[in-house]
Amino acid sequence: MHRVQWATGGVCALALAGNAFAQTSEQTTIEIASGNLAQSLTALGRQTRTELVFDPTVVADRQAPSVRGSMTADQALEYLLSGTGLRHERTSSDVVLVLASAQQSQRSSTSSESEPAPAEAGDGQESAAASEPVLEQITVVGIRSSIAEAIEVKRDATRIMDSISAEDIGKLPDQNIAETLSRIPGVQVTRVEGEGKSITVRGLGLNKLLLNGKSFIGSARNGDPNLADVSPELLAGVDVIKAPSADLVEGWLGAVINLRTKRPLDLADSVISGRLQTSYADRAEDWGEKVSGFVAHTFADRKFGVLLSGSYSNSTGASDIYQSGGWTQVSNVDATGDGVNDTFFRPLRLMSWANTYEDERYSVNASAQWRPIDELTFTLEGVKSRRDTDRVRSVQQTILNNSISNGVIDASGTLVSGNFSGVTVRPMIYGGDSYSENRYLSGNANWAKDRWTVNVNASVSKGEGAGLGGDGGNNNSGNDNVLVTRQLAGNVANVAYNAAGSNVSPNYGISANYDIYDPSQYEVYSTFDVDYVAENKGHDADFDVEYQLDGFFKSVKVGARTEKIEVFGGNPLSTYPSLASHDPTPGSPLLATEVPGLNYTGVRGGMFPGESGSFQRQVLTGSVDFNRIRGALGATPVSFDTPGAKATINQVEQTTEAFFAMVRFGTDVFGVPMTGDLGVRQVNADRESFGYTIVNNQALEARAGKSFSDTLPNLNLIFDLRDDLRLRFAAAKVVARPDLTSTGVGISLQPVSMTGGAGNPDLDPFRATQFDTTVEWYFSQASLLAVGAFYKDVSAFTTSVEVVEEHPEAPNNTLTGPAAYTYVIGRPVNGKDGKIQGVEINYQHALTMLPAPFDGFGYALTYTYADSETPEIDELTGRTLPIPNSSEHSANAVVYYERGPFSGRVAYNYRSEYMTNGGSIASGGSNYADERGQVDASASFRINDNFQLTFEGVNLTREINSFYRTNPGRLYSSYLDDRRVYFGVAATF
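Analysis parameters
Residues numbered from 1 in each chain as written. Predicted model: local features only at pLDDT ≥ 70, side-chain atom pairs only at ≥ 80, totals over all residues. Heavy atoms only, no water. Pairing = 2+ DSSP bridges. Helix = DSSP H or I, 4+ residues; strand = E, 2+ residues; numbered from the N terminus. Axes fitted to C-alpha atoms, helices over the stretch in contact; angles between N-to-C directions. Buried < 20%, exposed > 50% of the residue type's maximum accessible area, 1.4 Å probe, protein only. Contact = heavy atoms within 4.5 Å. Arc of directions from axis to C-beta. Polar contact = N/O pair within 3.5 Å; in protein donor to acceptor, adjacent residues only side chain to side chain. Patch = residues over 30% accessible without salt bridge, like charges linked within 9 Å, V, L, I, M, F, W, Y side chains within 5 Å. Areas by Shrake-Rupley, 256 points an atom, 1.4 Å probe, with all protein chains shown as cover. Salt bridge = Lys/Arg side-chain N within 4 Å of Asp/Glu carboxyl O. Lys, Arg positive; Asp, Glu negative; His and termini not counted. Charge placed at Lys NZ, Arg CZ, Asp CG, Glu CD. Expected span 1.5 Å × (residues − 1). Parallel < 35°, antiparallel > 145°, perpendicular 65-115°, else oblique. Phe/Tyr/Trp six-rings, centres within 6.5 Å; stacked < 30°, edge-to-face > 60°. Lys NZ or Arg CZ within 6 Å of the ring centre and 35° of its normal.

A. How the structure looks around the sheet that holds strand E31 (residues 507–512). On the basis of which strands lie adjacent, the open sheet formed by four strands has the order E24-E25-E30-E31 and antiparallel pairing. In this open sheet, the two strands that pair with only one neighbour each are strand E24 (404–409) and E31. Ignoring strand direction, the axes of neighbouring strands in this sheet form an average angle of 10°.

The structure is reproduced here in structure tokens:
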């Protein structure tokens, strides 16, 4: 930060953070509310990284209009100073003086006069040196620079929001965007395979992801982008907007998450940057690599610019997983041996998974800007990303039954120990590959002249993928391609079970009359060969026009937007003839060792290292080649040709039209400057769902449609209580579409686990009325204390319930009787009258006041309390249920140190337990995720102005993810992912 002090009597100056890329002709997106001229000049200096020097007595009591749009600092100054009798004079590329018309800058006056004679000692006059501006410069780079920039973005925003800025070109604070977002108050992350996969904001998962302010359709089955697919190396920053204005796109209840990339005309004439990293995953015991690059250049006196950035990575990983496969309520079984039948809950299965994967991904971003005249800028941008994951999931399944002896049942009705006899053991190897591909292209035209600003935008995007699952206690991403095995007839296995003694798995041991790790002791008796595909696309276009006014109303803005989204999801499968027809040894079972393409190679052990307990810590593992398996067993290719596959199809199209009008205003209220905006947005949506229903084993087409119309008013107010103290208030109605795949007519059944999921075309949009207020104290450089409160009255939302249904059209041929077609189905239903209320605290402090070398320390602390409730009743406990995926408590603590060439930080992220979905009594109640904290760290050492060494560590304490049914005694699943470290070098020229 630059601070300028003038020694001449009664005159002071304000200067703001400079930037190495600042240029006199550089255009910047400027957003300044109308109000006090001194405050407007201060905001302009921050946003353009220009040192604005002015005499406060000269600008006192002067008002300035609002300024919004893409322009140079000089153009914005001309508009701010018009009609004030003031002028500006640029003394260098990044220093501007604001003067009265009769004033003359010191530089210009001395240039026309002879040099003054040196003052005589003791004559009482100031020396020439004393009359010159005295410049004290404190250079802020890296972590502190990114924090300072993010704080300034928050300070200058006209809405309630938080921001994170890149520490350097191509360097957000974390390796994953979801992990970066989790540092923001109110944001909670769900991790799969060791990285952030999805987020909630203030307890809500309905968030709108934008790329540079425009819609971005991705490869997730609901049409959203997978956050793990967006390379953080492409981004300049991320904004999380929690309170809307009428010109902000609808479709969210939690927040709008705007991913900001760099633009070529925002940079210097030429920038080249690159990063090279190697990574190590401790569970996989293997190395990976990651490389990224960034090139930008401007031409024709900065009227045209191009930018190209990209990244590539290849990594390996491993996960250890325990799963119960769910819980079931058992009646009329004497488990305790007292002669009286008991009613209790027991796990369905005991499963140990050893998953390994190799992940390869790349992402490319290209941008071009053309500014034929100062008032007009065209921007064209494209992004493409691809991710392929080769995955092998090895599992030792033990299917339990009701042959229980010596059982112990606790007060909650949970079986805590007992002996199971005659269980089924199934060692299986899944081919669980997955891929994701995304394409995005957008264009923008911005024209700003005099009082007018016009924006026109359009974008088109497409995402497709397969096997992109894993969440809510299931760390098993990937397609499900598996041959189902079981022990041969005559091989008997029993289980001694005890739920106590371990945090990651119940204690249990398998006793058998055969070697359970000998693959020749098992037969293949069924198949489950299915992919999970998604094909989504969308386009949108919008425009807005703003006209600046004088007086109380500062501007009026109107605009319109249209969007169409198409999502397609389904589960194509491969069908197999009778396995006996391709048995190389007819008349005997098809052994697991007899199938070409199914290769058991040994045992993987050492699972859950460092965790206590006595349970199965090793599984049979190997490899599978399903192209070869299908050919050997006479199976069809994976397709939608069968009625069962067609029944899984969910195809949904939604068209949305929106119109808005808003005014910005500003005045003094009892001497306190107040600015704000008031607007309304009208949203009309039409949705059509298409799929199939099964009647008499025939797939019949089914359609369902629904239309919605919502009027969404909003108000934002800002009170500048002091120069460093700001009070905000916001009120709005918001609406968001439900997960579109949840509105389909299809159903997906999984005969291996006898579970499934179905859609509901009658789902309503989520609707809420929300109120927000924050107090923000910007008390020092790169420092902030903000306290906020929020309340959301959710009048309509979607909740998930589990119901037991019979589906004879898709029987499990490994079971008999009603059990062969009785499934536990998860279905979304309309909820109402949900509420979320809470408090957010954001405290960041750069400890520059400490003596060296301790002045390099700083910290950032955030805490969110979110209390949610719904009228939905837990069928088992009778208590009201919270809104799914909402933790009551979440927090972050970051401690950093930055001095000289060294920069480092340690970060801790925590969220308390939360409900993932409601559950029936028959399934043991609702499902919850246990509390979890994670420690990450990073450091860098700058060798010179161009090169630096980097280090990062993720999940350093190797924390467990744990899920349970109703209470922790009913463990649903747990998993352990890699501790991952990165070493690298970065260069910028």
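B. The arrangement of unusual backbone geometry in detail. With an omega dihedral of 5°, the bond running from Ala 852 to Pro 853 counts as a cis peptide bond. When you line up the elements, Pro 853 lands in the loop between strand E46 (834–846) and strand E47 (857–869). The residue Glu 193 is not glycine, and still its phi comes out positive at about 50°. Judged by its relative accessible area of 9%, Glu 193 is buried. Backbone geometry places Ala 782, a non-glycine residue, at a positive phi of 50°.

C. Just the sheet that holds strand E13 (residues 208–211), in detail. Ordered in space as E10-E15-E16-E13-E14, the five strands form an open sheet in which the pairing is mixed. Each having just a single partner strand, strand E10 (161–165) and strand E14 (214–215) make up the two edges of the open sheet. Across five bridges, E10 lies against strand E15 (residues 235–241) in antiparallel orientation. Following the sheet pairing, Ser 163 is matched in E15 by Asp 239. Here helix H6 (residues 142–156) sits on the sheet in contact with E10 and E15, set at roughly 155° to E10.

D. Just the environment of Gly 431, in detail. Along the chain, Gly 431 turns up in strand E26 (residues 424–431). When the C-alpha atoms of Gly 431 and Arg 393 are compared, they prove to be 6.7 Å apart, with 38 residues separating the residues in sequence. Contact partners of Gly 431, with chain neighbours within four places excluded, come to Arg 391, Asn 479, Asp 480, Asn 481, Val 624 and Phe 626.

E. Spatial organisation of helix H8 (residues 626–633). Taken residue by residue, H8 has Phe 626, Ile 629, Arg 630 and Leu 633 as its buried positions. All buried residues of H8 project into a common sector of 95° when viewed along the axis, lining one side. In H8, those exposed residues whose orientation departs by more than 90 degrees from the buried face are Asn 627 and Gly 631. Looking at the buried side of H8, the elements it contacts are E26, strand E29 (480–487), strand E32 (522–530), strand E35 (598–604) and strand E36 (619–624). Where H8 starts, the residue carrying a side-chain oxygen 3.2 Å from the main-chain nitrogen of Asn 627 turns out to be Asp 625. Where H8 terminates, the next one or two residues include Gly 634, which has phi positive at roughly 70°.

F. A look at the environment of Val 460. Considering the arrangement of structural elements, one finds Val 460 in strand E28 (residues 452–466). Separated by 81 residues in sequence, Val 460 and Ala 541 place their C-alpha atoms 8.9 Å apart. Once residues within four sequence positions are removed from consideration, Val 460 is found in contact with Arg 439, Tyr 440, Leu 441, Gly 538 and His 539.

G. Representation of a negative patch on the surface in the model. On the surface, Asp 286, Glu 289, Glu 358, Glu 360, Asp 390 and Asp 433 cluster together into a negatively charged patch. Elements with a minimum of two residues in the negative patch: strand E18 (286–299) and strand E22 (349–373). With respect to the helices and strands, Glu 360 occurs in strand E22. Overall, the relative accessible area of 36% leaves Glu 360 in the partly exposed class.

H. Representation of the pattern of salt bridges. By the definition in use, this model includes 46 salt bridges. Among the ionic pairs, Arg 664 bridges to Glu 546, the shortest N-O distance being 3.0 Å. Residue Arg 664 is located in strand E37 (residues 650–669), and its partner Glu 546 is located in strand E33 (residues 533–548); the two are separated by 118 residues in the primary sequence. The buried category is assigned to Arg 664, whose relative accessible area is 5%. Assessed through its relative accessible area of 2%, Glu 546 is described here as buried. Here the salt bridges share partners, and the residues they tie into one network are Lys 154, Asp 162, Arg 202, Lys 242, Arg 728, Asp 772, Glu 776 and Glu 840.

I. Fine view of the side chain of Asp 359. Relative to the helices and strands, Asp 359 is located in strand E22. At a separation of 2.6 Å, a polar atom in the side chain of Asp 359 contacts the side chain of Arg 387. Residues contacting Asp 359, with those up to four places away along its chain left out, are Ser 313, Asn 314, Ser 315, Arg 387, Asp 388 and Thr 389.

J. Local environment of the pairing of strand E16 (residues 256–261). Buried residues dominate E16, accounting for six of its six residues. Sheet analysis places E13 next to E16, joined by four bridges and oriented parallel. Its bridge partner being in E16, Leu 211 is matched across the sheet by Leu 259. As paired strands, E15 and E16 are joined by six bridges and run antiparallel to one another. Residue pairing for E16: Val 238 is matched across the bridge by Leu 259.

K. Local environment of helix H1 (residues 37–48). For H1, built from twelve residues, the straight-helix expectation of 16 Å at 1.5 Å per residue is met to within 8% by its first-to-last C-alpha distance of 16 Å. Along H1, ten of the twelve residues are buried, which leaves the element largely enclosed by surrounding structure. Looking at H1, one finds that the buried residues are Leu 37, Ser 40, Leu 41, Thr 42, Ala 43, Leu 44, Gly 45, Arg 46, Gln 47 and Thr 48.

L. Fine view of the packing of H1 against helix H3 (residues 73–81). Running from amino to carboxyl end, H1 crosses H3 at an angle of 175°, the nearest separation of the two axes being 11 Å. Considering their axes alone, H1 and H3 lie roughly antiparallel with respect to each other. Facing H1, whose interface residues are Leu 37, Ser 40, Leu 41, Leu 44 and Thr 48, H3 presents Ala 73, Ala 76, Leu 77, Leu 80 and Leu 81.

M. Structural detail: the packing of aromatic side chains. In total, this model carries 22 aromatic pairs according to the counting rule given. Ring centres of Phe 568 and Phe 640 lie 5.8 Å apart, and the angle between their planes is 80°; this geometry places the pair in the edge-to-face category. Here the residue Phe 568 occupies a position in strand E34 (residues 553–570), and Phe 640 occupies one in the loop between H8 and helix H9 (643–646), the gap between them amounting to 72 residues. Look at Phe 568 and you get buried, because its relative accessible area is 17%. Residues Phe 963 and Tyr 975 carry aromatic rings whose centres are separated by 6.1 Å and whose planes lie at 20° to one another, so their mutual orientation is stacked. Of this pair, Phe 963 sits in strand E54 (residues 960–965) while Tyr 975 sits in strand E55 (residues 971–976), and the two are twelve residues apart along the sequence. By the burial criterion, Phe 963 is buried, and Tyr 975 matches it. Put simply, the rings of Trp 777, Phe 779, Tyr 843 and Tyr 859 touch in pairs and so form one group of aromatic residues. Residue placement shows Arg 486 over the ring face of Tyr 525; its charged tip is 3.9 Å from the ring centre. Here the basic side chain of Arg 911 rests over the ring of Tyr 914, its NZ or CZ set 3.7 Å away from the ring centre.

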